[in-house]
Amino acid sequence: MTTVADILSARKSKPLAALPPTATVRQALQLMADREVGSVLLMQGDSLLGIFTERDYARKIVLQGLTSIDTLLTDVMTSRLYVVGPRQTVQECLAVMTQGKLRHLPVVDGGQVLGLVSIGDLVHAQLAQQQFLIQQLENYIVGNLA
């Protein structure tokens, strides 16, 4: 079973997309564009306070007529967080995402933020795991028929 730790270790070590809660929505959007990610963690030092996502932008800024230049992240972040640990499996994470209708999960261990996994990360890992299993089964079948 693939775990969150496996996914995080397979990545090139990219710095975490994080900002303080006093940053503006515009700063978050710029960081998300620069890093080509769909969310930013809101951190005060080592403490995880919330997350700001593209969904937050669409629902809490655009639809409410606010501007990204002067709106602070603390006013529009999602503070009710679902988090996962590094030993959780891809399937467990997908279940959490489905239940919470989420696309991003912070990875926390012992109060320390280790990273973030997206639905894309998890689907990619799931597909790779299935492909590996298919190949193993094909090798087994070919080996038994020869």
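Above this note sits the structure.
None of these values were measured; they are calculated from a predicted model.

Asks: Hey, could you go over the pairing of strand β2 (residues 39-44) for me, with residue numbers and the actual values?
Replies: With five of six residues buried, β2 lies mostly within the body of the structure. For strand β1 (residues 18-19) and β2, the ladder comprises two bridges, and the chain directions are parallel. Of the residues in β2, the one forming a bridge with Leu19 is Leu42. As paired strands, β2 and strand β3 (residues 47-53) are joined by six bridges and run antiparallel to one another. Residue Met43 lies in a different strand from β3, and its bridge partner there is Leu48. The hairpin formed by β2 and β3 contains two residues between the paired strands, and Gly45 there has a positive phi angle of roughly 65°.

Asks: So what's going on with unusual backbone geometry? Which residues, and what values?
Replies: For Glu36, which is not glycine, the phi dihedral falls at a positive 55°. With respect to the secondary-structure elements, Glu36 resides in the loop between α2 (25-35) and β2. The backbone of Lys101 shows a phi angle near 55°, a positive value even though the residue is not glycine. Tracing the backbone through its elements, the reader meets Lys101 in the loop between α5 (90-100) and β4 (104-109). Overall, the relative accessible area of 65% leaves Lys101 in the exposed class.

Asks: Tell me about the pattern of salt bridges, and please be specific about residues and values.
Replies: On inspection of all chains with the given rule, the structure shows two salt bridges. Residue Lys60 is joined to Asp56 by a salt bridge in which the shortest nitrogen-to-oxygen separation is 3.3 Å. Within this pair, Lys60 and its partner Asp56 are both found in helix α3 (residues 54-62), separated by four residues, close to a single helical turn. Residue classification places Lys60 among the partly exposed residues on the basis of a relative accessible area of 24%.

Asks: An account of the nonpolar core is needed here, citing residue identities and associated values.
Replies: Membership of the largest hydrophobic core comes to 14 residues, with the highest contact counts inside it found for Leu19, Val25, Ala28, Val40, Phe52 and Leu73. No other element matches α2, which puts four residues into this core. Not counting residues up to four positions away in its chain, the partners in contact with Leu19 are Gln27, Ala28, Leu31, Val40, Leu41, Leu42, Met43 and Leu73. One finds Val84, Val96, Leu105 and Val117 within the second-largest nonpolar core, a separate group that totals 13 residues.

Reading the values: rules and limits
- Residues numbered from 1 in each chain as written.
- Predicted model: local features only at pLDDT ≥ 70, side-chain atom pairs only at ≥ 80, totals over all residues.
- Heavy atoms only, no water.
- Buried < 20%, exposed > 50% of the residue type's maximum accessible area, 1.4 Å probe, protein only.
- Helix = DSSP H or I, 4+ residues; strand = E, 2+ residues; numbered from the N terminus.
- Pairing = 2+ DSSP bridges.
- Salt bridge = Lys/Arg side-chain N within 4 Å of Asp/Glu carboxyl O.
- Core = buried A, V, L, I, M, F, W, Y, C linked by side-chain atoms within 4.5 Å.
- Contact = heavy atoms within 4.5 Å.

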